[in-house]
Amino acid sequence: MKVVICAGPPTSGKTTVIKQVISRLQKKNINPCYLKIDVLFADEDLIISQEFRIPARKVYSQDLCPDHCNVIVLGDAIQWGEDIGSDIIIIETAGLCLRCSPYIENSLGIVVLEATSGMNLPRKIGPMLSLADVAVVTKIDLISQAEREVFRANIMEAASVSIIETDALHGINIDHIIRIIDRMDSYSAPSLLRGNPPVGTCTICVGKKEIGKEAHFGVLRPLESDIFYRGE
Amino acid sequence: MKIESITIQNGFGRDGQKDNFKEIKLNMCNIISIVGPTGSGKTTFINDIALFADKNTPSGRRILINNEIPSDEFMNNPSCNPISYITQHTNFLSDLSVKAFLETHIKIRNSGAIDIIMEKTLDFANQITGEPIIIWSKMTELSGGQTRALLIADAVIIGNSPIILLDEIENAGINRTKALELLRNYEKIFIFVTHDPRITLLSDYRLIMKKGAISKIIITSEEEKKAVQKISIVDDLLLELRNLLRSGEKISEKFITEQIQTI
Ligand SMILES: Nc1nc2c(ncn2[C@@H]2O[C@H](COP(=O)(O)OP(=O)(O)OP(=O)(O)O)[C@@H](O)[C@H]2O)c(=O)[nH]1
Ligand SMILES: Nc1ncnc2c1ncn2[C@@H]1O[C@H](COP(=O)(O)OP(=O)(O)OP(=O)(O)O)[C@@H](O)[C@H]1O
Ligand SMILES: [Mg+2]
Ligand SMILES: [Mg+2]
């Protein structure tokens, strides 16, 4: 099975791009399945299972850090895809804090950016862009050629990724994504996160409210010296 | 790479009706117009060209450059793109200043010395817009007409490509006559989407669109070329009236009658 992980800011067009990809994969008799990882609300699983009749589900991170949730859930998700016999699993993630990136080795990492989002966006989203394989720029139908070219240059300055510009509503240039999927390798375990997550204070994430290093474990730091680690 | 021709192979309209041609080939210095009611697919047609469609857009059209399938390089590297495209948009979304934006675009398009090209671009834009563009303003602060003027100047001077696509150049109240006059100094393939009779009849031929497909191709006859001169007189009168009103003058029935009589 192949694994595609698709990230990007809210409403950047991830689902629209994925739908175009799924319909083209189906024409080639490739069976995809789909998982959405979101924070509080998502309806893509219903939309996609109804429109394409493929296995589709979602998971809410809720009180858990969404990036953290993503890392933990990916293992089971890939297993699920293998178990139901899919040829490819497409995972759409949301709610990333921009210091993590959801991409793993032995998979295709796609970041979806909207061309309408301001020229500095590529500089602002760190590893979500720089660790991706492909940047898909959506909504090119809404901007001028000149702005499209400057936006592309700003992406290239921030990261060395392939860039595919699309009007996702009309499926323009989506076949370039399909070509990349055709060429990619299948998933093989074990697979690690591509990036180093930011140093976490996860005891706080999970709700320990006491202040002071004595009350916590993991990566800690005193006022006067560097960080250290306490725990297993 | 020297661009000699661009070819459009036929596709389909919205309801599946075929474009009424097999292949249209444009050679250097050809000028054509795309005309048709609003919503008839004009923008979609030149989008196909700008995207180097390869039967992968809703229309199923295919574009060839010099009789060959265009290389990916054209899309992936703006400095190799043989097409400059002035889209229908009348606003910028970019949060950069005019200066920063133009500088970046000059670098990307590899169009020459930054200062010189920037000056030329602004000069071109300011000749066709009412109030001059200030280079320190944000792109988003420009008016609709200033935006359009800058986009045209950017495409012609910075883009400096052998093929130019213009989607409704007459929009947003820019000085269209001046724009056409400036454009005529360049040896390029021009494709105009237009609702303007003067621009339409200026071209070698025109494609008539209906429901997303090309329904007719009409070559501009000698008769029509003669008529353009008469149309220009009427057109200039309207433009003069517009300028008078825009600068706060009043007009009278007598004035108009006199003007029509002199015509
Ligand atoms: N004009 C235009 N609209 C687009 C394009 N791609 C997506 N949209 C629109 O943008 C909106 C958001 O698209 P989605 O695909 O739902 O975005 P998303 O990234 O999946 O959003 P979340 O999952 O909610 O974060 C929708 O209204 C789409 O129709 C495009 O290329 N052009
Ligand atoms: N060949 C085609 N196949 C499928 N859909 C098409 C085709 N041509 C046009 N359309 C659709 O028709 C709609 C109107 O087309 P378009 O915007 O190109 O019209 P237009 O002539 O430029 O209109 P206007 O004069 O208002 O700018 C769009 O939604 C477009 O996607
Ligand atoms: Mg979505
Ligand atoms: Mg249009």
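Residues numbered from 1 in each chain as written. Chains lettered and ligands numbered in written order. Predicted model: local features only at pLDDT ≥ 70, side-chain atom pairs only at ≥ 80, totals over all residues. Heavy atoms only, no water.

**Q** Any chance you could break down the packing of aromatic side chains for me, citing the residues and the numbers?
**A** Applying the stated rule across the entire model yields three aromatic pairs over all chains. Between the aromatic rings of F52 of chain B and F74 of chain B, the centroid separation amounts to 5.6 Å while the plane-to-plane angle is 45 degrees, which identifies the pairing as tilted. Linking F52 of chain B in the loop between helix 1 (42-50) and strand 4 (62-65) with F74 of chain B in helix 2 (residues 73-76), this pair joins segments that are 22 residues apart in sequence. With respect to burial, F52 of chain B and F74 of chain B carry one shared label: buried. When the centroid spacing of 5.9 Å and the interplanar angle of 50 degrees are considered together, the rings of F92 of chain B and F101 of chain B count as tilted. Take F92 of chain B: its relative accessible area is 5%, and that puts it in the buried class. Lying over the aromatic face of W80 of chain A, R57 of chain A brings its terminal NZ or CZ to 5.0 Å of the ring centre. (Phe/Tyr/Trp six-rings, centres within 6.5 Å; stacked < 30°, edge-to-face > 60°. Helix = DSSP H or I, 4+ residues; strand = E, 2+ residues; numbered from the N terminus. Buried < 20%, exposed > 50% of the residue type's maximum accessible area, 1.4 Å probe, protein only. Lys NZ or Arg CZ within 6 Å of the ring centre and 35° of its normal.)

**Q** Break down the sheet that holds strand 7 (residues 162-165) of chain A for me, with residues and values.
**A** Residues and elements named next belong to chain A. Strands sit in the order 3-2-4-1-5-6-7 across an open sheet of seven strands; the sheet is parallel. Of all strands in the sheet, those bounded by a partner on one side alone are strand 3 (56-60) and strand 7. Recorded for the sheet is a direction-independent mean angle of 20 degrees between the axes of neighbouring strands. Helix 1 (residues 14-27) rests against strand 1 (2-7), strand 2 (32-38), strand 4 (88-93), strand 5 (108-114) and strand 6 (134-138) of the sheet, and its axis sits at about 170 degrees to strand 4. (Pairing = 2+ DSSP bridges. Axes fitted to C-alpha atoms, helices over the stretch in contact; angles between N-to-C directions. Contact = heavy atoms within 4.5 Å.)

**Q** Please set out the side chain of R198 of chain B residue by residue, giving values where relevant.
**A** Among the structural elements, R198 of chain B can be located in helix 7 (residues 197-202). Other than its neighbours up to four places away in sequence, R198 of chain B contacts R176, T177, S232, D235, D236 and L239 of chain B.

**Q** How would you sum up the domain arrangement of chain A? Please name residues and give values.
**A** Here chain A is partitioned into domain 1 (2-183) and domain 2 (199-232). Here the C-alpha centroids of domain 1 of chain A and domain 2 of chain A sit 33 Å apart. (Domains from an automatic or database assignment.)

**Q** Give a description of the sheet that holds strand 4 of chain B that names residues and reports values.
**A** Residues and elements named next belong to chain B. A sheet is described by the order of its strands in space; here three strands give the open sequence 2-1-4, paired in antiparallel fashion. Strands at the two margins of the open sheet, each flanked by one partner only, are strand 2 (23-27) and strand 4. This sheet shows a mean twist of 15 degrees between the axes of neighbouring strands, independent of strand direction. Pairing of strand 1 (residues 5-9) with strand 4, which is carried by four bridges, proceeds in the antiparallel orientation. For I8, the partnering residue across the bridge sits in strand 4 and is I63.

**Q** Quick one: what's the story with the coordination of the magnesium ion (ligand 3), residue by residue and with numbers?
**A** Residues and elements named next belong to chain A. Surrounding the magnesium ion (ligand 3) are the protein donor atoms T15 (OG1), E44 (OE) and E92 (OE), at 1.9 to 2.2 Å. Here the donor residues for the magnesium ion (ligand 3) map to a single chain with the spacing T-x28-E-x47-E. One end of the pair, T15, is in helix 1; the other, E44, is in helix 2 (residues 44-52), with 29 residues separating them in the sequence. (Donors = N, O, S within 2.8 Å, 3.2 Å for Na, K, Ca; no water.)

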